[in-house]
Amino acid sequence: MKSSNKGKDFCVFALPGLFCFLAVVMVPFVYGIYLTLTDWNGVSSVKNFVGLSNFAAVMRDAQFWKSLLLTFKYVIAVVVLVNVIAFLLAYILTRGIKGQNFFRAGFFTPNLIGGIVLGYIWQFVFSRVFVSIGETTGWSLFEISWLSTPNKAFAALVLVSVWQLAGYMILIYVAGFMGLSEDVLEAASIDGASGWVKMKNIILPLMMSSVTICLFLTLSRAFMVYDVNLSLTGGAPYGTTEMAAMHVYEKAFTSRQFGVGQAEAFILFIIVACISGIQVYTTKKREVEA
């Protein structure tokens, strides 16, 4: 009787989720691996088997490796800035300041805006608002649009991504701070720990579970950035801000080289999976319980 109930519960609750996971994730993933071994152009009904020649083409694609290197720089900048800013703001917003709930909601709001819309909004800000400020004040930093030069366009991408992602990470860090044991913190204060000593030896170790989650989320989202990249810079100027995900899309859907594009996507997936796995393993070892 119990086994029958378990089977019924599985069919009602778990089976729909399992079906969706297989249909949306696993089947396309396996089919994508199959496409890396073909010369399919996305239109033809014929898919000729070409072995590993698509991966050989990826190795010769200098633009892909250039975009991947740029993506690494972007990921480092975004992950560091997002987590440092979110951690500090979460710490401030759990100290009992007046209106802290209002500020939490305000910081989270940018995360609710879609990446495409967000990119167009900030494109207007960088191209019109900042330039107007530069013309009015004479500040050289804002005299020309940030999107017109490679270094400033890259900085603009980082700025917008940090502005968008930090709010969500703040909520996770706030939950972590609110879960800290007051007894442990009080005991540390009685023992003479204060300021940086308490932060380094007590708070940070107890917050590592939140750090693990936030690092994983920011890593995965930064590596796969596409929407903001498309709407804010479109890879301009002269392709100098084209991230890996955008290059993969252009290779597959614009150049009609689905096999090569899928091979590049698979390589990007392996890189992200390895880095994320190492990050989770490393930070989880540092987690402690109160």
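Structure: see above.
The model shown is predicted, which means the values in this text are computed figures rather than measured ones.

Cut-offs applied
- Residues numbered from 1 in each chain as written.
- Predicted model: local features only at pLDDT ≥ 70, side-chain atom pairs only at ≥ 80, totals over all residues.
- Heavy atoms only, no water.
- Helix = DSSP H or I, 4+ residues; strand = E, 2+ residues; numbered from the N terminus.
- Buried < 20%, exposed > 50% of the residue type's maximum accessible area, 1.4 Å probe, protein only.
- Areas by Shrake-Rupley, 256 points an atom, 1.4 Å probe, with all protein chains shown as cover.
- Lys, Arg positive; Asp, Glu negative; His and termini not counted.
- Charge placed at Lys NZ, Arg CZ, Asp CG, Glu CD.
- Axes fitted to C-alpha atoms, helices over the stretch in contact; angles between N-to-C directions.
- Parallel < 35°, antiparallel > 145°, perpendicular 65-115°, else oblique.
- Left-handed = near helix turned anticlockwise from the far one by under 90°.
- Nonpolar A, V, L, I, M, F, W, Y, C, P; charged D, E, K, R; others polar.
- Salt bridge = Lys/Arg side-chain N within 4 Å of Asp/Glu carboxyl O.
- Contact = heavy atoms within 4.5 Å.
- 1 Å grid on protein atoms, 1.4 Å probe; cavity = no way out; pocket = protein on both sides within 12 Å on 5 of 7 lines; lining within 4 Å.
- Points joined across faces, edges and corners; volume = space filled by probe spheres on them.
- Core = buried A, V, L, I, M, F, W, Y, C linked by side-chain atoms within 4.5 Å.
- Polar contact = N/O pair within 3.5 Å; in protein donor to acceptor, adjacent residues only side chain to side chain.
- Arc of directions from axis to C-beta.

### Some details on the overall build of the protein
Part 1 of the reasoning: Each helix and strand counted, the protein has 12 helices and zero strands in total.
Part 2 of the reasoning: Scanning the protein from its N terminus toward the C terminus, one meets helices and strands in the order α-α-α-α-α-α-α-α-α-α-α-α.
Part 3 of the reasoning: In terms of its C-alpha atoms, the protein occupies a principal-axis envelope of roughly 80 × 75 × 30 Å.
Part 4 of the reasoning: Within the protein, the fraction of its 290 residues that count as buried is 39%.
Part 5 of the reasoning: Approximately 16300 Å² of the protein is accessible, and the part contributed by carbon and sulfur atoms is 68%.
Part 6 of the reasoning: The protein carries 20 positive and 15 negative side-chain charges, and their two centres are separated by 3 Å.

### Structural notes on the packing of helix 3 (residues 62-92) against helix 6 (residues 150-178)
Part 1 of the reasoning: At a closest axis distance of 7 Å, the pairing of helix 3 and helix 6 adopts a crossing angle of 40 degrees. With respect to helix 6, the element helix 3 is oriented oblique. Read as a crossing pair, helix 3 and helix 6 show a hand that is right-handed.
Part 2 of the reasoning: For the contact of helix 3 with helix 6, the class distribution of residues is 23 nonpolar, two polar and one charged.

### Examining the pattern of salt bridges
Part 1 of the reasoning: Following the criterion strictly, the structure yields two salt bridges and no others.
Part 2 of the reasoning: Where Asp61 meets Lys251, a salt bridge forms, and the shortest distance between an N and an O atom there is 3.4 Å. Remark: Lys251 occurs in helix 11 (residues 244-254) and Asp61 occurs in the loop between helix 2 (53-60) and helix 3; sequence separation between them is 190 residues.

### Some details on the environment of Gln257
Part 1 of the reasoning: Relative to the helices and strands, Gln257 is located in the loop between helix 11 and helix 12 (258-285).
Part 2 of the reasoning: As a C-alpha pair, Gln257 and Trp40 span 217 residues in sequence and 7.0 Å in three-dimensional space.
Part 3 of the reasoning: Those residues in contact with Gln257, other than ones at most four positions away along the chain, are Trp40, Lys251 and Ala252.

### Details of the layout of surface pockets
Sizing a probe to match a water molecule and rolling it over the atoms shows the empty space that remains.
Part 1 of the reasoning: Its volume calculated, the largest pocket comes out at about 300 Å³.
Part 2 of the reasoning: Every residue lining the largest pocket is listed: Pro28, Phe29, Gly32, Ile33, Met224, Ala245, Val248, Gln262, Ala265, Phe266, Leu268 and Phe269.
Part 3 of the reasoning: Contributing elements (two or more residues each) for the lining of the largest pocket: helix 1 (2-35), helix 11 and helix 12.
Part 4 of the reasoning: Classifying every residue of the lining of the largest pocket by side-chain character gives 10 nonpolar, two polar and no charged.

### Looking at the nonpolar core
Part 1 of the reasoning: By size, the foremost hydrophobic cluster in this structure holds 60 residues, and its most contacted members are Tyr74, Phe126, Tyr173 and Leu232.
Part 2 of the reasoning: By residue number, the principal contributor to this core is helix 6, which donates 12 residues.

### Remarks on the side chain of Thr212
Part 1 of the reasoning: Looking at where Thr212 falls in the secondary structure, it is placed in helix 9 (residues 208-223).
Part 2 of the reasoning: Exposure remark for Thr212: the relative accessible area of 5% places this residue in the buried category.
Part 3 of the reasoning: For Thr212, the side chain forms a polar contact with the side chain of Thr283, separated by 3.0 Å.

### Let's talk about the environment of Gly106
Part 1 of the reasoning: Structurally, Gly106 is set in helix 4 (residues 100-108).
Part 2 of the reasoning: Between the C-alpha atom of Gly106 and that of Gly167, which follows or precedes it by 61 residues, the distance is 8.1 Å.

### Examining helix 8 (residues 196-206)
In an α-helix there are 3.6 residues to a turn, and that puts residues three or four apart on one side.
Part 1 of the reasoning: Every buried residue belonging to helix 8 is among Lys198, Met199, Ile203 and Leu206, and all of these are buried. Across the axial projection of helix 8, the buried residues extend over an arc of 95 degrees, all falling on one side.
Part 2 of the reasoning: Lining the buried residues of helix 8 we find helix 3, helix 6, helix 7 (182-190) and helix 9.

Such coordinate-based values are descriptive only and should not be taken to indicate function.
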